[in-house]
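Fold and contact review
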Amino acid sequence: MESLTPLTSVKPEFQPFKRWQGFVVALVVALLIVFLPFPFLSPAPSARIFRIEASNFEFSPSEIYVNPGDRVTLELISTDVVHGLSLDNYGISLSAEPGQPAKVTFVANQPGIFRFRCSVTCGNLHPFILGKFQVGQNTLLWRAIAGSILIIGFGFWSFRK
Amino acid sequence: MIRLEISRIPWVQTLLRNRWPQFLVRAVTFSGVIFTILAGLMGPLVGSYNFAVIFVWIAWWTALKLFFIPFGGRSWCSICPIPMSGEWLQRGGLITRAGKGWGMGKRWPRFFRGNWLQAWGFIIIGLFSAVTLTSARLTAFVLLFVVLLALVLSLIFERRSFCNYLCPIGGFIGLYAQTAPLELRVKDPAVCAEHTEKSCYINCPWGVYPLTLKTNTDCGLCMECLRVCSKDNIAVNLRPFGEDLKSKNQFRLDEVFLGLVMLSSVLIDSAIFLGSWGDLKSAAFAVGSIPWWIFVAAFLLVSLGILPGLYIFAVWIGVRLSGERSSLKQALSNQGQALIPLGLMAWIAFTVSFAFVKFSYVLPVLSDPLGLGWNLFGSAHLAWVGESTPFTAFIQVIILLVGLFWSFLSVWRASESSQPIKQAIPMIGFCFLFTLSMLWLLIG
Amino acid sequence: MKTEILARIILFIFIFAGITIPVAGRVFFATPSSTTIELHARIPENGGWSMDHIQASVGEPIHLRLISDDVVHGFAIGKSDQPALEIIPGKIVDTTLVFDKPGTYTYYCTHWCSPNHWRMRGTIEVIGRGQNLDPEPLPLYLQLGIDIDASHPALITPDSSPSAGRGAQLAGSLPLYATELNTYQTSSPAQLWLRLRKESKLSKLKDEEIWDLVAFICQNRTSSETLSQASRLYAANCAACHGENGKGDGVVVRGLPEMDTQSMVHNRVHPPDFTNSKNLLGASPALLEGKMIRGGMGTGMPYWGPIFTEEQMDGLISYLYNFVWQFTTGNNSSHNSVTSYPSK
């Protein structure tokens, strides 16, 4: 049995531009979300060493976290076949096989989160062997979450009568 | 209703009315699928260097998700080679109007109509995706199977029953086509009312009566109706995005189910293929082993339990909060429209991560499609390790946020009670949660 | 009707192209010449080499097309100084081999591709006229009847790391036999120490100084060039199981049971720790060479007889002893190779 909606209730229309002040506020907040630098302090840079073992089909550890400015040494150890490690954005590429590990040292001066991938064909799931290398805070994710909240807030605000 | 009738432009008219351009493209895609199947069967075993794997799962999939669907709706279906042999046989000709052809022309059983089979088909694909996407031989067999299945079904059932009710790709293309800026509609309904011949319906391979076309879901943009309409009453229009969602009042439960399956699939595929969890990848890959069965259980739990459960819960709370005794089933159906833009943008964002990085494989495989040492275009040795860039991460965020906003509008539109804000809140929470999950999986 | 016929012809042409290009490509254009042998490389669990035996004649070029079906493999001929070929998935390698002496040659995979990687071998049987390959002399362990399966703990071990440099300064007082090749090859370092300890001329020397002399004798047998070649061979062939520092902790042997010298019931066991002086110092070069040549011993150790030349094995043996000489000071040369691999 259907319920009858009273004819007198009017659903507030979606009118984002009717009150331009709100729209401007939303725009300003959006720009802040995109451009505001992160206010946290990162610890002093130090030297970090990571032994990454590559196998079919994973890196172990697969998630690495460092502070911006850290002097990072990655050692790639392969446990079964020839594997590679290519770190997005840093232009680092290694390859190793059992008995012959490889090492590289670099400064993690670009903050953010980057994937590292296997760069030597090593089997079926080779294109999907992935790890995460995070330098400092994942600011993009935080900004994206803030953006999502802004969108919902803006949406609800626009529906007010 | 903002519409730009592009079929009025002379060169567009010729392009659409003349059967040759479409036929030539179809000939290319048809021989292309044959070539792809053979390349998959005879080419290199290494998946990333096999034409079949790269072209089906990277090139074609990207083209579908980034161009054909968002901009053309069901445009791929008009040139899709899979059902083509069946359609030619049914029609009795390659470039003629529908005539006496072969096929029993049975009606598709009522019980199997709707999106249900397509949703289940997509789940099954997902269970075996880790193996299929990476194995050339398996990709070829799957393609071959689908082509033969479509052919056989075309000889039993009428028209494009396979495309309408079984093809999993067709399922989600039809679902998301409702947001596309391209549509085929009748110009003046009054003209149709007086026209008794209905040649449009008789010639439509999709079994659609153009006058009743309210959404893009069932129309495969094959232009047959446009060609045979003696009153020139059919138009192809450009329109804003998401129009069908605005005008459609009734969504069916099977559409909602398909929408939910698409959401859970993009979450799970993002976890498997773009995540860093090696155990998950190995479990998904080792078909038949115990870890794989655990993966299957988890997959089904998410697709059939968690996501639908959360959706039902959100809708139910919304109905309760709105303080009315409106039907839950009604609300479940209507709120489902939010799943469409949410899912579409999530799949586009997934494709950006998945395919952009692997696009480097396309050039080498074009030069040496069969792994014989050829170098047709000089790009055989051009492979490089693709990478995600801050730019791709940024556009994925934008895409997902657009999806969130768009689904917000849809939730709003579907909230019909006297307290629409309260009714909308839980469902918006659902969309928000989904967006956060996708953000975390793709850029976290 | 005419358009229909034209359409059918066009479709037929397209389909014909779609079918004949792959089929004809595979049948007619797969290999550069009709005599080219297409050799596929797969991990041993999936079949290894697609052919494990090739027949050829002296002087006849053997055209090979090497294709990997899964991971990175390599191709080399045993006891040959031809550089190894890399077989990278997605890249086809064409090579031509010519043998001017009849005999049996072994080809093998040179990149670790599985725990059974070393089994990935095949033979090339070369027949015809020409001087046969020089007959291999019987290895020393067979000549002397050494039981390479028996355990051989060192009867005496040094307390600190011996130094060949210090030994060089004392070498003047060494008896003649000490520097002979035969002595070196047939005595274990521990046995050599015991023999030198009994020498009256050396009775004034401390125990460590005798060890210094032993180290000097061993290291005198080799040059830095031989050692660096040996280090490359060791890294490529041995380190995966024996560990880069000889500790027996290679990645491939993880999880294997320890060696049980009482009974060899296991198929594969953990290798011994070369840095432990009890192990290596009780083995003579002849014994070590025997183990390398024949392998087995119920441990999963590969046999390298067809692969390494005698010089290579001599170099490797010296390299192995170095693991012991350096054990306390910890100055093992670790391998920091940042190998620049062709990507993908």
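Residues numbered from 1 in each chain as written. Chains lettered and ligands numbered in written order. Predicted model: local features only at pLDDT ≥ 70, side-chain atom pairs only at ≥ 80, totals over all residues. Heavy atoms only, no water.

It is worth spelling out the overall build of chain C at this point. Secondary structure assignment for chain C yields 10 helices and 8 strands. Against the 2.2 N^0.38 benchmark of 20 Å for 344 residues, chain C shows a C-alpha radius of gyration of 26 Å, more extended than a compact globule. Projecting the C-alpha coordinates of chain C onto the three principal axes gives extents of approximately 115 × 50 × 40 Å. Buried residues in chain C amount to 47% of all 344 residues. Within chain C, residue pairs in contact and separated by at least 24 positions form 70% of the contacts whose partners lie at least 6 positions apart. Approximately 17,000 Å² of chain C is accessible, and the part contributed by carbon and sulfur atoms is 54%. Within chain C, the 33 negative side-chain charges are centred at a point lying 3 Å from the centre of the 27 positive side-chain charges. (Helix = DSSP H or I, 4+ residues; strand = E, 2+ residues; numbered from the N terminus. Rg over C-alpha atoms; globule rule 2.2 N^0.38 Å. Buried < 20%, exposed > 50% of the residue type's maximum accessible area, 1.4 Å probe, protein only. Contact = heavy atoms within 4.5 Å. Areas by Shrake-Rupley, 256 points an atom, 1.4 Å probe, with all protein chains shown as cover. Lys, Arg positive; Asp, Glu negative; His and termini not counted. Charge placed at Lys NZ, Arg CZ, Asp CG, Glu CD.)

A few words now on the packing of helix α2 (residues 19–42) of chain B against helix α8 (residues 136–156) of chain B. All names here are of chain B. Relative orientation of the contacting elements α2 and α8 amounts to 145°, with a least axis distance of 7 Å. Read as a crossing pair, α2 and α8 show a hand that is left-handed. Seen from α2, the contacting residues are Val33, Thr36, Ile37, Gly40, Leu41 and Met42; seen from α8, they are Ala136, Arg137, Ala140, Phe141, Leu143, Leu144 and Val147. Residue composition of the contact of α2 with α8, by class: 10 nonpolar, 2 polar and 1 charged. (Axes fitted to C-alpha atoms, helices over the stretch in contact; angles between N-to-C directions. Left-handed = near helix turned anticlockwise from the far one by under 90°. Nonpolar A, V, L, I, M, F, W, Y, C, P; charged D, E, K, R; others polar.)

Let us now look at the interface of chain C and chain B. Interface size is often expressed as the accessible area that is lost when the parts come together. Taken residue by residue, the interface counts 29 residues in chain C and 31 residues in chain B. Around 2,500 Å² of area is buried between chain C and chain B when both sides are counted, 75% of it from carbon and sulfur atoms. Counting the contacts that link chain C with chain B gives 0 salt bridges. Counting across the interface, chain C meets chain B through 4 residue pairs in polar contact (both at pLDDT 80 or more). Listing elements by their share of the side of chain C that touches chain B, those giving two or more residues are α1 (2–28) and β3 (62–68) of chain C. Here the side of chain C that touches chain B is built from residues that sort into 14 nonpolar, 6 polar and 9 charged. (Buried area = accessible area lost by both parts, 1.4 Å probe. Salt bridge = Lys/Arg side-chain N within 4 Å of Asp/Glu carboxyl O. Polar contact = N/O pair within 3.5 Å; in protein donor to acceptor, adjacent residues only side chain to side chain.)

Right, let's get into the domain arrangement of chain B. Residue and element names in this part refer to chain B. On domain assignment, one finds that chain B holds domain 1 (4–178) and domain 2 (248–442). Centre-to-centre, using C-alpha coordinates, domain 1 lies 22 Å away from domain 2. In this complex, domain 1 contributes 39 residues to the contact, which on the side of domain 2 involves 44 residues. Of the roughly 3,800 Å² buried where domain 1 meets domain 2, counting both sides, 82% is carbon and sulfur surface. Run the count over domain 1 and domain 2 and you get 2 residue pairs in polar contact (both at pLDDT 80 or more). For the side of domain 1 that touches domain 2, the element with the most residues is helix α3 (residues 51–72), which contributes 11 residues. Of the residues contributing to the side of domain 1 that touches domain 2, the split by class is 26 nonpolar, 12 polar and 1 charged. (Domains from an automatic or database assignment.)

With that settled, consider the sheet that holds strand β1 (residues 47–55) of chain A. All names here are of chain A. The 4 strands are arranged β2-β1-β4-β7 in an open sheet whose pairing can be described as mixed. Every interior strand has two partners, whereas the edge strands, β2 (58–60) and β7 (102–107), have only one. Each neighbouring strand pair of the sheet contributes to a mean axis angle of 25°, computed without reference to strand direction. Of the pairings in the sheet, the one linking β1 to strand β4 (residues 71–78) comprises 8 bridges and is parallel in character. Bridge assignment links Ala54 to a residue of β4, and that residue is Ser78. (Pairing = 2+ DSSP bridges.)

Looking now at the nonpolar core. Of all hydrophobic cores here, the largest spans 206 residues; its most connected members are Phe133 of chain A, Phe172 and Met427 of chain B together with Phe75 and Ile124 of chain C. It is helix α15 (residues 253–274) of chain B that provides the largest number of residues to this core, a total of 14 residues. Mapping this core onto the domain boundaries places at least three of its residues in each of domain 1 (4–178) and domain 2 (248–442) of chain B. With residues up to four places along the chain from it excluded, the contact list for Phe75 of chain C reads Leu39, Trp49, Leu64, Leu66, Ala84, Leu85, Ile87, Leu97, Tyr107, Tyr108 and Thr110 of chain C. Of all hydrophobic cores here, the second largest spans 52 residues; its members include Ala154, Ala178, Ile210 and Trp304 of chain C. (Core = buried A, V, L, I, M, F, W, Y, C linked by side-chain atoms within 4.5 Å.)

At the junction of the two partners, chain A supplies 42 residues and chain B supplies 54 residues. When chain A packs against chain B, the two sides together hide about 4,100 Å² of surface, and 68% of this comes from carbon and sulfur. Inspection of the region where chain A meets chain B yields 0 salt bridges. The tally of links between chain A and chain B comes to 11 residue pairs in polar contact (both at pLDDT 80 or more).

Residues and elements named next belong to chain C. With mixed pairing, the 3 strands of this open sheet are ordered in space as β1-β3-β6. Each edge of the open sheet carries a strand with a single partner, namely β1 (37–41) and β6 (93–97). Averaged over all neighbouring strand pairs, the angle between strand axes comes to 30°, with direction disregarded. Both β3 and β6 contribute to a ladder of 5 bridges, which runs antiparallel. When the bridges of β6 are listed, Ile62 appears paired with Leu97.

Bringing the packing of aromatic side chains into the picture now. If you walk through the whole model with that rule in mind, you get 54 aromatic pairs over all chains. On the numbers, 6.1 Å between centres and 25° between planes, the contact of Phe12 of chain C with Phe16 of chain C is stacked. Remark: Phe16 of chain C and Phe12 of chain C occur in helix α1; sequence separation between them is 4 residues, near one turn of the helix. By the ring-pair criterion, three or more aromatic residues cluster together here, those being Phe128 of chain A together with Trp60, Trp61, Phe68, Trp76, Phe122, Phe172, Tyr176, Phe273, Trp347, Phe350 and Phe354 of chain B. The ring of Phe354 of chain B carries the charged tip of Lys358 of chain B above its face, separated from the ring centre by 5.8 Å. Positioned above the aromatic ring of Trp304 of chain C is the side chain of Arg121 of chain C, whose terminal nitrogen or guanidinium carbon lies 5.2 Å from the ring centre. (Phe/Tyr/Trp six-rings, centres within 6.5 Å; stacked < 30°, edge-to-face > 60°. Lys NZ or Arg CZ within 6 Å of the ring centre and 35° of its normal.)

Now for the side chain of Glu243 of chain B. Mapped onto the fold, Glu243 of chain B is located in helix α14 (residues 243–247). Leaving out residues up to four positions away in the same chain, Glu243 of chain B has contacts with Arg3 and Gln178 of chain B.

Attention now goes to the packing of helix α6 (residues 116–127) of chain B against helix α10 (residues 168–176) of chain B. Residue and element names in this part refer to chain B. Across the interface, α6 lies against α10 with an axial gap of 8 Å and an inter-helix angle of 120°. Classed by the angle they form, the pair α6 and α10 counts as oblique. Crossing handedness for the pair α6 and α10: left-handed. On α10, the residues that touch Gln118, Gly121, Phe122 and Ile125 of α6 are Pro168, Gly170, Gly171 and Phe172. (Parallel < 35°, antiparallel > 145°, perpendicular 65-115°, else oblique.)

Quick look at the pairing of strand β7 (residues 103–108) of chain C now. Residue and element names in this part refer to chain C. With 5 of 6 residues buried, β7 is to be regarded as a mostly interior element. Bridge count for strand β4 (residues 73–77) against β7 is 2 bridges, and the pairing is antiparallel. Bridge assignment links Ala76 to a residue of β7, and that residue is Tyr108. With 6 bridges connecting them, β7 and strand β8 (residues 121–127) associate as antiparallel partners.

Time to look at the pattern of salt bridges. For the coordinates displayed, the defined rule picks out 29 salt bridges over all chains. Between Arg91 of chain B and Glu224 of chain B there is a salt bridge, with its nearest N and O atoms 3.3 Å apart. Placement of Arg91 of chain B in helix α5 (residues 84–91) and of Glu224 of chain B in helix α13 (residues 224–228) is noted, with a sequence separation of 133 residues between them. Taking relative accessible area as the criterion, Arg91 of chain B reaches 8% and is therefore assigned buried. According to the relative accessible area criterion, Glu224 of chain B is buried, its value standing at 3%. The shortest N-O distance in the salt bridge between Glu4 of chain C and Arg8 of chain C comes to 2.7 Å. Pair noted here: Glu4 of chain C and Arg8 of chain C are both in helix α1, with a separation of 4 residues, about one helical turn. Arg8 of chain C sits in the partly exposed class, given a relative accessible area of 43%.

All names here are of chain B. Across its 21 residues, α8 extends 30 Å between first and last C-alpha, which sits within 8% of the 30 Å expected from 1.5 Å per residue. Restricting attention to buried positions, one finds in α8 the residues Ala136, Thr139, Ala140, Leu143, Val147, Ala150, Leu153 and Ser154. Looking at the buried side of α8, the elements it contacts are α2, α3, α5, α7 (129–132) and α9 (161–166). A side-chain oxygen of the first residue of α8 lies 3.1 Å from the backbone nitrogen of Leu138; this N-cap is Ser135. (Expected span 1.5 Å × (residues − 1).)

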